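An overview of the molecular structure
Listed below are the residues making up each chain.
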Amino acid sequence: VVMVFYGSKGKSNPVFMENRVDHQTKNQITYDIHLPSDLGMLFKVRLGLQSLENSISQLSLHHFKIQNTSTLDTFSLTINKTLFLNGDRWIEFPIQWPLKEALSVVTYHLTVFSRNILSERNLVHMTACIYGTHGDTGDRSLLRPLQNVQHGEENESFLVIVDAVELGELDKIVLLISSKTDCKLNIKKLHVKEAAKEHPIYVFEMNGEFSVDANKPEIQRDIPRSFVIRGDKQKNDLDNNSNKDGSQARNVTEYTIKVYTGDKRGAGTDANVHIILFGNEDKSEVFQLTQSLEHQNPFERGKVDTFKIKTKKLGSLYSIEIGHNGKGFASGWFLEKVEITDVSRNSVYCFYCNRSVDQSIITLYTLFSF
C-alpha cells in the first residue's frame, strides 16, 4: 500500500506503508508515517497498490483515519471500496478539517482518439496523469477497463473513467508509454471532461506517432492543454451577467491583443493560434485568435493582427502562453512580439519573442508596461 499526500504548499513523495505499529486488531492495520513539514494544510490523499503482480488481486478498504501525533488533529472517513488488479488501482479522497470547506470527488471522462492503440493494447502499457490547479491524478492506467470503444476506418476512440478529487482548471496531461515489443502508436488527441457535465471539454492535441522500443525506457510526453470547448451557456455567461448584475460586469474587462508576425521568408502561418493571459490576480481561459480586425487571413508575413477578447479581470499581466496546432500548408510561424492593452486600466504590456514558434506552447514574460 502506498499513499501520496497533498497540501496547500505541495505534495509528498509516495509514502509506503511499511512501519506497522505493534498493537494490531483484526482487519485493522496502523502505520507510523513521517510527512514533510512544508506541505502546508493537507487537502487530499491518494491511496493505492504499488504492485499487484506477485501478490493479491484486490484490496477492500473500509475505513481510513489519520491523526497528527503532535496536535492530535484527527480526520476519518468511511470508504467501502475495492481496488482491483484489472481496474483503477487508486482511490482519492479529500481531507476535511473543521471550518474548512473540502473539495469534492469528481468522475472524469478521458477519451483517447488514436489510429491503432486498440490493436496493440495487449502489448502496450500506457498511463496518464492529469494536472490541474488543485493538483494531479497520479498515473492512471489507460488500457485496462475500456469503455465506449469505437472503431472507424482510420480512427478509433475509447473512454477511460477516472475518479479524483476535483482538479480545478486542467493544464496538461503527462503520458507514459512502454511496450513488451517494438511497435508504433499513433495518438491524435485527448479529451477530458467531468462525467456529470457536458462542458467544458479540455482538448489536448498530439497528432504524433511514437516508436516504442521494448529494450528502451518508457516514453514520457508532456501534453499542454490546446484549448477548451465551452457550452453555449458558458459562452454567454459574460453577456448575461452584464445584463443581470452590474457588479459582476465590473469584474469583466476587455483586452486588445496585437500580434506582430516577423518580416522574413516563411514567417507567416496558416495554423490556428491560441493564447492564455496570466496576471497577478488570475489567469484567463484559452482564446483562439481567429477573427483579426485587419485581415481575413491572419498571421501573414510582416503583418500586425488585432484581436479583442473579454474575460475576468486578471490584474497586472506578467506572462502569456502562445502557440498553435501545427495544421495547415505552412504552419511554421516567426512571432516578433505581442502587445496587450488592458482597456479598463489603459495599460499596455509588451511581450517580445523574435523567434519561431512550433506547435508547442511557449511562455513569454513582459519586459515593461506603459
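Fair warning: this is a prediction, and the values are worked out from it, not measured in the lab. (Residues numbered from 1 in each chain as written. Predicted model: local features only at pLDDT ≥ 70, side-chain atom pairs only at ≥ 80, totals over all residues. Heavy atoms only, no water.)

Quick notes on the overall build of the protein chain
In terms of regular secondary structure, the protein chain is built from 3 helices and 27 strands. A burial count over the protein chain gives 43% of its 370 residues as buried. Considering only contacts within the protein chain whose residues lie at least 6 apart along the sequence, 67% involve residues at least 24 apart. Put simply, the protein chain shows about 20600 Å² of open surface, and 45% of that area lies on carbon and sulfur atoms. (Helix = DSSP H or I, 4+ residues; strand = E, 2+ residues; numbered from the N terminus. Buried < 20%, exposed > 50% of the residue type's maximum accessible area, 1.4 Å probe, protein only. Contact = heavy atoms within 4.5 Å. Areas by Shrake-Rupley, 256 points an atom, 1.4 Å probe, with all protein chains shown as cover.)

Side note on the pairing of strand β19 (residues 252-261)
Of all 10 residues making up β19, 7 are buried, and the element is well covered by its neighbours. Sheet topology note: the β19/strand β22 (residues 304-312) ladder contains 9 bridges and is antiparallel. Note that in β22 the partner of I257 across the bridge is F307. (Pairing = 2+ DSSP bridges.)

Details of the layout of surface pockets
Empty space left among the atoms is revealed by rolling a probe the size of a water molecule over them. Reported here for the largest pocket is a volume of approximately 1600 Å³. Lining the largest pocket are 39 residues, with M3, Y31, F64, K65 and I66 sitting closest to its centre. Taken together, the elements giving at least two residues each to the lining of the largest pocket come down to β1 (2-7), β4 (42-48) and β5 (58-67). Along the lines of polarity and charge, the residues of the lining of the largest pocket split into 21 nonpolar, 14 polar and 4 charged. (1 Å grid on protein atoms, 1.4 Å probe; cavity = no way out; pocket = protein on both sides within 12 Å on 5 of 7 lines; lining within 4 Å. Points joined across faces, edges and corners; volume = space filled by probe spheres on them. Nonpolar A, V, L, I, M, F, W, Y, C, P; charged D, E, K, R; others polar.)

Examining the nonpolar core
Residues L110, M126, L142, I173, L175 and I177 are the most contacted members of the largest nonpolar core, which totals 37 residues. When residues of this core are assigned to domains, at least three map to each of domain 2 (105-229) and domain 3 (252-367). Discounting residues that sit within four places of it in the chain, M126 has contacts with I117, R140, S141, L142, L143, L175, L176, I177, L185 and I187. Among the nonpolar cores identified, the runner-up in size contains 25 residues, and V259, W333, I340 and V357 belong to it. (Core = buried A, V, L, I, M, F, W, Y, C linked by side-chain atoms within 4.5 Å. Domains from an automatic or database assignment.)

Focus: the side chain of R140
Mapping R140 onto the fold places it in strand β11 (residues 140-141). A residue is classified by how much of its surface remains accessible, and R140, at 2% relative accessible area, is buried. Among the polar contacts made by the side chain of R140, one reaches the main-chain carbonyl oxygen of D163 at a distance of 3.2 Å. (Polar contact = N/O pair within 3.5 Å; in protein donor to acceptor, adjacent residues only side chain to side chain.)

Some details on the pairing of strand β23 (residues 317-324)
The element β23 is extensively covered by neighbouring structure, given that 6 of its 8 residues are classed as buried. In this sheet, strand β26 (residues 362-365) lies alongside β23 in antiparallel orientation, the contact comprising 4 bridges. Opposite E321, over in β26, you have T363 as the bridge partner.

Re the packing of aromatic side chains
Tallied over the full model, the rule gives 4 aromatic pairs. Ring geometry for F299 and F307: centres 5.7 Å apart, planes at 25°, overall stacked. Taking the relative accessible area as the measure of exposure, F299 reaches 1% and is therefore buried. Aromatic ring contacts, followed pair by pair, group F299, F307 and W333 into a single cluster. Directly above the ring of Y6 sits K44, whose terminal nitrogen or CZ lies 4.4 Å from the centroid. The lysine or arginine in question, K337, covers the ring of Y260, its NZ or CZ lying 4.6 Å from the ring centre. (Phe/Tyr/Trp six-rings, centres within 6.5 Å; stacked < 30°, edge-to-face > 60°. Lys NZ or Arg CZ within 6 Å of the ring centre and 35° of its normal.)

Observations regarding the confidence of the model for the protein chain
Summing up the model confidence of the protein chain, the mean pLDDT is 81 and the portion of residues at 70 or higher is 85%. Segment residues 233-248: pLDDT under 50, and 9 contacts once partners within four positions in sequence are set aside and those in other chains are kept. (pLDDT = per-residue confidence, 0-100.)

Details of unusual backbone geometry
Cis rather than trans, the peptide bond between H199 and P200 has omega equal to 0°. Tracing the chain through its elements places P200 in the loop between β15 (183-194) and β16 (201-212). The phi angle at L72 is positive, at roughly 65°, despite the residue not being glycine. Tracing the chain through its elements places L72 in the loop between β5 and β6 (74-84). In the Ramachandran plot, N80 falls in the positive-phi region, its phi being about 50° despite a non-glycine side chain. Here N80 lies in strand β6. A residue is classified by how much of its surface remains accessible, and N80, at 54% relative accessible area, is exposed.

Focus on the pattern of salt bridges
Any two side chains of opposite charge can pair, on the condition that their charged atoms come close. If you walk through the whole model with that rule in mind, you get 15 salt bridges. With a closest N to O distance of 3.8 Å, K81 and D163 form a salt bridge. Of this pair, K81 sits in strand β6 while D163 sits in strand β13 (residues 156-165); the two residues are 82 residues apart in sequence, bridging distant segments of the chain. K81 sits in the partly exposed class, given a relative accessible area of 31%. Residue K312 pairs with D282 through a salt bridge whose shortest N-O separation is 3.6 Å. With a gap of 30 residues between them, K312 in strand β22 and D282 in the loop between β20 (273-279) and β21 (287-289) connect regions that are remote in the sequence. Since its relative accessible area comes to 33%, D282 is described here as partly exposed. A single network of salt bridges, built from pairs that share partners, joins K11, K44, R46, E92, D136 and R140. (Salt bridge = Lys/Arg side-chain N within 4 Å of Asp/Glu carboxyl O.)

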